[in-house]
Structure formats: structure tokens, C-alpha cells
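Chain and residue survey
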Amino acid sequence: MRTNSVTPAAVSQSTPQVIALSGCWTARGMGEHENDLLLRDADKQQPLTLDASGIQGLDTAGAWVLHKLLARPRGEGAELSLRGLPAEFTGLLDGVRQHAVAQANKEVPEVPRVPTVLESTGRSAASAFEQLLAMLTFIGESAHALADWLLHPARIRWRVVLFNLRSAGFNALPIVGLLSFLLGVVVAYQGADQLRQYGANIFVADLVGLSMLREFAPLITAIIVAGRSGSAYAAQIGTMSVTEEIDAMRTIGIEPQELLVLPKILALVIALPLLTVFADGLGIFGGMIMAKVQLGVGFGEFLDRLVKAVSITSYLVGLGKAPVFAVIIVLVGCFQGFRTHGGADSVGRQTTRSVVQSIFLVIVADALFSVAFSLLDL
């Protein structure tokens, strides 16, 4: 600026063809009268010259108003020119003019196109592969932490293990017992009509015993725990990740896997087989009641046939699946929790993914167990 004066900006028409500009064409000098400084519509009908020699000060606000004056559309032959602008202000006006032209010529951003089915499939496959690699990395880190645990047993946090054992095991007894009981009732009820037709009522013990001990009890228990505890693991660790508590743990030298993952694995590896045994008992009890009601098979007869029908191998086959299911549930839940970034929306999204993936992998593992046991004739 040439001066610090705040003489108000003004426009005066000294002759019909010349309009004189004077004062400080600045934000302070123009004040709230920017629109009053624009030329009237009547001035659009004749060629005019703007005499800017009287301008005492100019900033970007004033340069923008001058640019609008010069750029206003006018009638045919009604040219508008600028003269007398002090040299120190010419560069500022040229810069504003170039910026305005650049903005006017700026391309409108293209609307994102909808990806094709093949492209969406490829992106989903790439994302799944990336997540698989991240999951394998997480498993390796957890295995390394477990090795440190075994080498230094004093570092095991038994209070954390007992807390997770109570929350994931003892507190889950009511829902696991109720659903297992109802599942035993349903299995016996569905088989009752068919068995009655052939006079094979007593074989309801075979149906309920084998189905509950080998398949339904460990599977329904794992699904319940995945929805109940697996989601809690993902939400807990996800919230800690969002609030940067995990970063703080690493800063003070605490390995997150050692504090957040391994106690959960140890607790659930202990709790899930015990819950499976509990589910076995309640499921068979529900089948016994339905066999008594629908088929007239007494409790004594049912238990006598159950002992003959179900071998210890069948019982151990179902029980042996539980620790594997427990490891899957904890690893998936904790893995999705560690992948949480952003805010509450990310916590909910990763929690949902943990439940869906846990249940999916548990069912896949159960199917693989069935194929393996069939090949081994167990």
C-alpha cells in the first residue's frame, strides 16, 4: 500500500466518458459499501474509461472489486478500460485477475463412475488377501508373545486370566445352558415321528447323544461365545485403539499381545471345553424329557441306551473341537479390534466383522473336523 490512510473509496463521473476512482480501495476503505462502488446499468451503454490515478491504497479486496468492475458484461461497443493505476498496484490486480481466470477455467470434477462387477470382485479379492496377510502377521506376533510367556512364566497375569475366565465362561452358563437344552428338545422332537413309525423309539438316545456330543453342543457353544465374547474383545480393543491407549502401552514398553490377547486365549481355551461339557449335559437332558413325553422312553431306558450308543471317542471328538474354536474366536476378535482406526463408526464396523468372521471360521473348522474324522474313521 502507498499509504495507511483510510480515505473511503469513491467513484465519481467527471465527464460522460471518464469515471474517476479515488480513496483507499481496501477492506477498511470500502467498508460495507462494496456494491455501491459498482457502475450503474446506465453506464453499460457507452464506452467508459476508469481513471485509477486517485487510488491511494489497494489490497486484495479492492483488487477483486476492480476486477469485477472491469469484467462486468456491457452492451455492444461499450468498452471499459482502466488507466492511471499506480505501478505498485498493477501486480496485485494482475494476480487477482489470473486467479479469477484460473477458477473460471477450472474443470468440474468428474462424477466417480460405478465400478464394474469384475472390478468390484477384484478389489474385494485384493482386500481379502491383504487382510489374510495381516491376520497371519498378527498370529505370528501372538505366537512370539506366547513363547515369551512360556519362557518367563512370572509374566503371566493370572488376575487378567481369571477375569476373562469369569466373563467369557461362568457368565455365559445361563445362555449356553438354555439354548443347548432347547436344541436337545428340538432334535428329539424332530426325530420322534420318524422313529415312532418304525417302532424304534429307543434309538432316540442314539440320535440325541451322537448329534449333541459330536456336533451340536461344541458348535452352538462356540457360536454363542463368538457372538457374546468375541464381539466384546473387538469392541474393547477397538476402543483402546481409537483412544490411543494401545500406542501408550507400546510407549511404556508393554506388549499389547501379552496383556490383551494371550490372557483371553488362555481363559477361553479353559472355558470353552467346560461350557461344551455343560452344553452336552443340558442338551441330553432336554432330549430325555422330549423322549419321555413324545415316545414314552423313560429316563433309565434312555441312559442305558445312551451309554451303549455313545463311545468315549465320540465324546472326546466333540470336546476336542472346543479349544480350536476358542483360539479362532479370540484371534479374530482381537485382530479386528487392533485394525480399528478412526472413531465410533469404525469400532462398530470391526465388531460386526469379528462376529461374522468368527462364526464363519468356526463352521469351516467344524466342517474340516468332520471330513478329517471321517477319513480317520473316528
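Rules used throughout
- Residues numbered from 1 in each chain as written.
- Predicted model: local features only at pLDDT ≥ 70, side-chain atom pairs only at ≥ 80, totals over all residues.
- Heavy atoms only, no water.
- Helix = DSSP H or I, 4+ residues; strand = E, 2+ residues; numbered from the N terminus.
- Buried < 20%, exposed > 50% of the residue type's maximum accessible area, 1.4 Å probe, protein only.
- Contact = heavy atoms within 4.5 Å.
- Areas by Shrake-Rupley, 256 points an atom, 1.4 Å probe, with all protein chains shown as cover.
- Axes fitted to C-alpha atoms, helices over the stretch in contact; angles between N-to-C directions.
- Left-handed = near helix turned anticlockwise from the far one by under 90°.
- Nonpolar A, V, L, I, M, F, W, Y, C, P; charged D, E, K, R; others polar.
- Phe/Tyr/Trp six-rings, centres within 6.5 Å; stacked < 30°, edge-to-face > 60°.
- Salt bridge = Lys/Arg side-chain N within 4 Å of Asp/Glu carboxyl O.
- Polar contact = N/O pair within 3.5 Å; in protein donor to acceptor, adjacent residues only side chain to side chain.
- 1 Å grid on protein atoms, 1.4 Å probe; cavity = no way out; pocket = protein on both sides within 12 Å on 5 of 7 lines; lining within 4 Å.
- Points joined across faces, edges and corners; volume = space filled by probe spheres on them.
- Core = buried A, V, L, I, M, F, W, Y, C linked by side-chain atoms within 4.5 Å.
- Expected span 1.5 Å × (residues − 1).
- Parallel < 35°, antiparallel > 145°, perpendicular 65-115°, else oblique.

Some remarks on the overall build of the chain
- Counting its secondary structure elements, the chain contains 12 helices and 4 strands.
- Counting over 378 residues, the chain shows a buried share of 40%.
- For the chain, the share of sequence-separated contacts (at least 6 apart) that also reach a separation of at least 24 residues comes to 80%.
- Carbon and sulfur atoms form 63% of the exposed surface of the chain, whose accessible area is close to 20600 Å².

Topic: unusual backbone geometry
- Residues other than glycine seldom take positive phi values, yet Glu244 does so here, at roughly 65°.
- Given the relative accessible area of 52%, Glu244 is considered exposed.

Notes on the side chain of Ser142
- Looking at where Ser142 falls in the secondary structure, it is placed in helix 4 (residues 117-151).
- Setting aside residues up to four positions removed in sequence, Ser142 forms contacts with Gln257, Val261, Leu262 and Leu331.

Points about the packing of helix 6 (residues 173-197) against helix 9 (residues 256-295)
- Following both chains from N to C, one finds helix 6 and helix 9 inclined at 35°, their axes separated by 7 Å at the closest point. The handedness of the crossing between helix 6 and helix 9 comes out as right-handed. Touching Leu173, Val176, Gly177, Ser180, Phe181, Gly184, Val185, Ala188, Tyr189, Ala192, Leu195 and Arg196 of helix 6 are Leu275, Phe278, Ala279, Leu282, Gly283, Phe285, Gly286, Gly287, Ile289, Met290, Gln294 and Leu295, all from helix 9.
- Classifying every residue of the contact of helix 6 with helix 9 by side-chain character gives 16 nonpolar, 7 polar and 1 charged.

Some details on the packing of aromatic side chains
- Evaluated as defined, the whole model comprises 5 aromatic pairs.
- Ring geometry for Phe181 versus Phe285: centroids 5.9 Å apart, planes at 40°, classification tilted. Placement of Phe181 in helix 6 and of Phe285 in helix 9 is noted, with a sequence separation of 104 residues between them.
- Judged by its relative accessible area of 40%, Phe285 is partly exposed.
- Look at Phe369 and Phe373: their rings are 5.6 Å apart centre to centre, the planes differ by 20°, and that puts the pair in the stacked class. With Phe369 and Phe373 both in helix 12 (residues 344-375) and 4 residues apart, the pair spans about one turn of that helix.

Some details on the pattern of salt bridges
- Counting across every chain of the model gives 10 salt bridges.
- Residue Asp193 pairs with Arg196 through a salt bridge whose shortest N-O separation is 3.0 Å. Residue Asp193 and its partner Arg196 are both found in helix 6; the two are separated by 3 residues, about one turn of the helix.
- Classification of Arg196 by relative accessible area gives partly exposed; the value is 36%.
- Glu215 serves as the salt-bridge partner of Lys321, at 3.0 Å between the closest nitrogen and oxygen. Of this pair, Lys321 sits in helix 11 (residues 312-338) while Glu215 is found in helix 7 (residues 204-242), placing the two residues 106 residues apart along the sequence.
- Overlapping salt bridges bring together Arg155, Arg157 and Glu258 as one network.

What about the side chain of Asp366?
- By the element assignment, Asp366 lies in helix 12.
- Under the relative-accessibility criterion, Asp366 is labelled buried at 7%.
- In terms of polar contacts, Asp366 uses its side chain to reach the side chain of Lys321, at 2.9 Å.

Here we look at the layout of surface pockets
- Within this model, the largest pocket holds a volume of roughly 290 Å³.
- Elements that contribute at least two residues to the lining of the largest pocket include exactly helix 4, helix 7, helix 8 (245-251) and helix 11.

Points about the nonpolar core
- The biggest cluster of nonpolar side chains holds 66 residues, and the ones touching the most others in it are Val204, Leu268 and Phe302.
- Membership of the second largest hydrophobic core comes to 19 residues, among which are Ile55, Leu69, Leu80 and Leu85.

Focus: the environment of Val332
- Examined against the element boundaries, Val332 turns out to sit in helix 11.
- Its relative accessible area of 2% is what places Val332 among the buried residues.
- Taking the C-alpha atoms as reference, Val332 lies 8.2 Å from Ala234; in sequence the two are 98 residues apart.
- When neighbours within four sequence positions are excluded, Val332 is seen to be in contact with Met135, Ser354, Gln357, Ser358 and Leu361.

Focus: helix 2 (residues 60-71)
- Here helix 2 contains 12 residues, and its C-alpha end-to-end distance of 16 Å stays within 8% of the 16 Å for a straight helix at 1.5 Å per residue.
- Restricting attention to buried positions, one finds in helix 2 the residues Gly62, Ala63, Val65, Leu66, His67 and Leu69.

Remarks on the environment of Thr60
- Tracing the sequence through the fold places Thr60 in helix 2.
- In sequence terms Thr60 and Val96 are 36 residues apart; their C-alpha atoms lie 7.2 Å from each other.
- In this structure Thr60 touches Leu92 and Val96, once residues within four positions along its chain are discounted.

Things to note about the packing of helix 11 against helix 12
- It is at 9 Å that the axes of helix 11 and helix 12 come closest, and there the two elements cross at 150°. Of the possible angle classes, the one that applies to helix 11 and helix 12 is roughly antiparallel. Along this stretch, helix 11 crosses helix 12, giving a crossing that reads as right-handed. Along the contact surface, helix 11 presents Val317, Lys321, Val324, Phe325, Ile328, Ile329, Val332, Gly333 and Gln336, while helix 12 presents Gln350, Arg353, Ser354, Gln357, Ser358, Leu361, Val362, Ala365, Asp366, Phe369 and Phe373.

Coordinates in, geometry out; function isn't part of it.
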